[in-house]
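Below, each chain spelled out in residue letters.
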Amino acid sequence: MPPEPVVEQQADPCAGALHRPPVPPHRRLRAFAFDPSLAAELDTSGLESVTLEVPWEESWDENERRCVLRGPVGRYVEVIDHDPASRAFYPPVELNDPYLLARDGHDPSESNPQFHQQMVYAVAMTTIRHFENALGRAALWSDRPFHEVDDPEEAFVERLRIHPHALRGANAYYSPERKALLFGYFPAAEGVHDRGLAPGATIFTCLSYDVVAHETAHALLDGMHSRFIEATNPDVLALHEAFADIVAIFQHFTHPEVLRHTIARTRGDLGRQSLLAELARQMGRAIGRRAALRNALDPELRPHPSQLESTTEPHDRGAILVAAVFDAFLQIYRVRVADLLRIATQGTGVLPEGDIHPDLVARMAREAATTARHVLHMCIRALDYCPPFGIDFGDYLRALITADLTLVPYDQRNYRAAFIDAFRARGILPHGLRGLGEDSLRWQAPATQLPARALAPLFDAIELEETSGRSEGEPSDRARRGAVSPLRDLVDLWTLDRERRDVWRAARRLRGRLQRVIGGWDAEWAARELHLLLDPVDLPSVYRDASGRPTTEVHSARIARRRGPRDEEVVELVVEITQRRRAWDDADRQTEIDSGAAALREDDHGDFRFRSGCTLLIDLSSRQVRYAIRARGPISDNRVLSAQRRYRSSATPGLRITYLGDRGGRLRDVEPFAFLHGPAASPR
Amino acid sequence: MAKMTPPPSGVKIRMYRQGFGDCFLLAFPTSEPDVAWYVLVDCGLFWAYSAVDGGPSQSERMDAVVRDLELATGGVIDTLVVTHEHFDHLAGFHWTDARDRFQQSFVYGELWLAWTERREGDALADELREEAGLALGVLSQVQGLLPVGELLDFSKNTASALVNARALFDEDRVRTLDPGEVVVPLGEGGPRFFILGPPRDRELLRTNLREDELFARLRAAQRRAERDALLAAARGHAGEADDGAPFARHRGIRDQEASESSFFVEHYGRPSADGQPDQQAWRRIDGDWLEALADLALQYDDFVNNTSLAFAIELPESRRVLLFPGDAQSGNWLSWADEEEGFSFLDAPGVTVHDLLSRTVLYKVGHHGSHNATLDAKGLARMTSDKLVALVPTDEEWAWQKRRSGWRMPYLPLYRALLSRTRGRVVQSDIGLPDRKKKMAPHPNHGGLPYSEADWEALQGEIAALDATIQELHGRLVETDLFFEMTIPDEV
């Protein structure tokens, strides 16, 4: 918190007696609800802007001796407006300017760069808040790679950087390397003006709510699962895209005016084409498409069996998942409004001709908003129940179901059934499962639990660590006395109001401790239940310690803590453990190395990385492993390795690789999260 | 040097060794003894080429080649084939001495070009040419800024070089060829030329068929608008006016002013160009916008390679095949090698590409052996003849040492695949057969190697195991400083 404004010593006596209001919880900021194109269309004119409420933040400016929010540079994001193509910097907005405070920020405007800065800030913060509310803890950005920093502390990235005018072109992306969102702008061609765009007008991707929310969601997901960048199967990057679209699309339902307008226009049937199911409307039209860039109700996305098989490009494949989730949403919404319809129609369920009653519109809008929030939160919460790498759509379905079962054991409104149904219709089936009932979809606990004493050091370690604030050494007095539950403190650290750097530090220490604890686990149990090899293996390609044991990394450790509909709290410790192995495109080479026929050079790290491992969800009250989500096989599994190799060889490298070498500079190849795939020349 | 006499049957083939570029001379027997029918396929050298150990200039190298061509053919080129518009296939028509010699010392039969070079009555060819010209215009303005700027050297001076080559022929002697055509220049009983690519429906195949023409046109217009905006930015960087800037001038401040603004200095740092490494350097975005331009450069380069006239020559008796794909990349290859596309030859019913590949005994490796110009499963894997020889025009050392980040040409995995398919009969224009393969030194800029030590060692083993066939080819491969030559007999 910034210091209170300094009151001059010889202040007016009134000052002491004055009632100062508390820091406001929110700052109100205006933004385009979708993008500027809505204002130009008769049907939607007046719906183009919304006022967002973002958490209040500001910082003390020593020179001006007052609190400012300039940039805006807040606690989560920083907006830096450099436009290198135009060789220009646009001065930062100051949102604490009293005139701006009085009018909810700048008015929506395409020609005012300070409004652009305000909008990207407001939309990114709103998206972050949805994410945090669903997870019940502070969001962290992904770390800088440790080999790039001198001091491990520097790996912590406090703020995501946002560049509203970074590119001259029809694209926008999240750069995992620079922890930044880069937005482009581009001219609309002659000929598109009949669709609400002036010829030659500049289209700003940073003024599209969807694009900003989508890219922010990429960054949030990367902050939680940094290995979901590694495309080890066709679903990994597609899931990234789908998740980002889901986060964008369900925010449409948080704009009450638009929602009521749409419900009135569609007479409550959200399965009809509307603004709400579309993504990046203006951008889609500007690049010469018939409609929005993506649409969850696109007839092409109606379920058909070979859909998944024939679609490989990440955005297109992701669209299938988005359509499935949107279907589930519609099913749930229909169930939720069924009673309203019956009341409004004297039980016939058939609405009379003409407009529906505004009260009914308002009630249905409320149901739609609630449903959308629930579905969005389910999709976000599922992220705690995912494998540490190599996720596929089937895994994600299992994660969704498990997460929801954990929180809401009795599914009165059939949310889970709706999801299972929608996924099944699109052929999204979890690997190796026969049934699609809740119980088979839910991740399983290990068949046998570790003996209590094997898990005890895990908890002891945490207690030692977290309650005392000491990094090493003796147990704290408190822990020894056992007066206060040390776990309580640990859990509290993962709440929303903590400094994110403290959370990050605690997670780092926790990972270190866990790493040592795991080394003491029963190797036979770990291999059987977790696919984790703790005993020496005779495979030189596996990364091993001096005694031949595969090295084990605790990739992530965090507390998942959330409240169910009856206010019951669920607290779990999520631990992601991985092992890795050098792998070669040439299978013979792999065999040579692993059989010992050829010697492995120290600097030879193979052509790609093969990983194994698991995610464990440990119940903090029972101290049992509640779910073990393990890789398809242990690190020694050559079958799984071959499958990954086959997938790799099917994805042909670009020309750029020849010309620039595999690590030839910082190029789009390593910016995997462009809003459009490939060069702007070929959308879709 | 003496005249290149025709073989009694089959074809004699000469691969020149001018450096990084293509030049092949073929001599077929005719009905008259000792009179050959000469085909010249390309005559080029990369624009910025200079051998690692120095040596003659580009101009001198090309002149040496053309002088030899004159001696070899007696000044008669029956057919000149220019596969595509890249300088490493055309330099001989650019450098003064070589060009003049081409003009003055030869008589010519026909010039063969791909349909994309058709000047009249081909709307698609016109459209593609215009599009490519536009892209090249944009890119040459910003070559210095681009991480892939050196790619544009492929296209330097090519248009004028092709004009020079065309000027050697009367317009009615210029033949533009379409895929599916079968050309029989020496009549029945002579070799047949099967034209494979470039595909005529290159754009159509990639266009989303769901969208009607209006939208396709809009998209094309939109691409041009975006390209223009990029070009405007490039002009701005070249000191001219930038009419693509998104805001009025007074809304922004210049780089210099930003480096005096406390906000930008604190939160963004200063450009690292002044020699001071900045803490913030890893997060700056100064160069990101150039990626779009680099993409354009790659697309353009890719596009030109894909316009390669790809053809297969079938010898009449043995029906052995020589495959010349130019520098065709996957788009071109797939249009004919993928049987699902239903490719067929109008005048040779029953002949399939699969069939031609299975009879291929000589493969001119595309694009100097880059990783993406030889189709794997549907291409090389189908060249199953036990007589297969591969010719790779390249200068491996130059490509690795003298390019900004090192080009791997030939790309080792491809080279190894070629070795195994040909049983070691891979002739690289720089070094010759595999037993002379040289290990590349670390790259001068980044210190990397083009392949791992392990792969290099594995290669040594593979080469040793193939020694018998390699030695056998040594025995029938003519080698001079200027070329490699071998004969493919037409015997059943």
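This section reports on the structure supplied with the text. All values derive from a computational prediction rather than experimental measurement. (Residues numbered from 1 in each chain as written. Chains lettered and ligands numbered in written order. Predicted model: local features only at pLDDT ≥ 70, side-chain atom pairs only at ≥ 80, totals over all residues. Heavy atoms only, no water.)

### Looking at the overall build of chain A
Heads up, the rule is: Helix and strand labels come from DSSP, where a helix needs a run of H or I of at least four residues and a strand needs a run of E of at least two; each type is numbered from the N terminus. Only protein chains enter the accessibility calculation, which uses a 1.4 Å probe; a residue whose area is less than 20% of its type maximum is buried, one above 50% is exposed, and one in between is partly exposed. Note on contacts: a residue pair is in contact if any heavy atoms of the two residues lie within 4.5 Å. For the area figures, the Shrake-Rupley method with a 1.4 Å probe applies, and any residue is considered shielded solely by the protein chains shown.
For chain A, the helix and strand inventory stands at 21 helices and 20 strands. Each of the 684 residues in chain A was classed as buried or not, and the buried ones make up 58%. The contacts of chain A with a sequence gap of at least 6 include a subset with a gap of at least 24, amounting to 68%. Roughly 27,500 Å² of accessible area belongs to chain A as shown, and the carbon and sulfur atoms make up 49% of that amount.

### A few points about the overall build of chain B
Within chain B, the secondary structure is distributed over 15 helices and 15 strands. C-alpha atoms of chain B, sized along the principal axes, occupy 85 × 55 × 45 Å. Relative to its 492 residues, chain B shows a buried fraction of 58%. Put simply, 72% of the contacts in chain B that link residues at least 6 apart link residues at least 24 apart. Here chain B displays about 19,400 Å² of accessible surface, and carbon together with sulfur accounts for 49% of that area.

### Comments concerning the sheet that holds strand β4 (residues 76–81) of chain B
Residues and elements named next belong to chain B. Definition in use: The criterion for strand pairing is that DSSP finds at least two bridges linking the strands in question.
What the eight strands build is an open sheet, ordered β6-β5-β4-β3-β2-β1-β15-β14; its pairing is mixed. Each having just a single partner strand, β6 (174–177) and β14 (478–479) make up the two edges of the open sheet. Summarising the sheet, strand β3 (residues 36–43) and β4 pair through three bridges and their orientation is parallel. Looking at β4, one finds that V39 is bridged to T79.

### A word on the packing of helix α11 (residues 393–407) of chain A against helix α12 (residues 415–425) of chain A
Residue and element names in this part refer to chain A. So the rule is basically this: The axes used here are C-alpha line fits, helices contributing only the stretch in contact, and every angle between their N-to-C directions lies in the interval 0 to 180 degrees. An angle counts as roughly parallel when it lies under 35 degrees, as roughly antiparallel when it exceeds 145, as roughly perpendicular when it falls between 65 and 115, and as oblique in every other case. Think of it as three bins: nonpolar holds Ala, Val, Leu, Ile, Met, Phe, Trp, Tyr, Cys and Pro, charged holds Asp, Glu, Lys and Arg, and polar takes everything else, Gly as well.
Between α11 and α12, the shortest axis-to-axis distance is 10 Å and the interhelical angle comes to 170 degrees. In terms of orientation, α11 lies roughly antiparallel with respect to α12. Every residue of α12 that contacts α11 at F393, L397, L400, I401, D404 and L405 is listed here: R416, F419, I420 and F423. The residue inventory of the contact of α11 with α12, partitioned by class, reads eight nonpolar, no polar and two charged.

### Topic: the state of the cysteines
Residue and element names in this part refer to chain A. Keep this limit in mind: Cysteine sulfur atoms are paired as a disulfide whenever they fall within 2.5 Å.
Scanning the model with the defined rule gives zero disulfides over all chains in all. No disulfide involves C614; its sulfur sits 14 Å from that of C386, the nearest cysteine. Overall, C614 belongs to the buried group, its relative accessible area being 0%.

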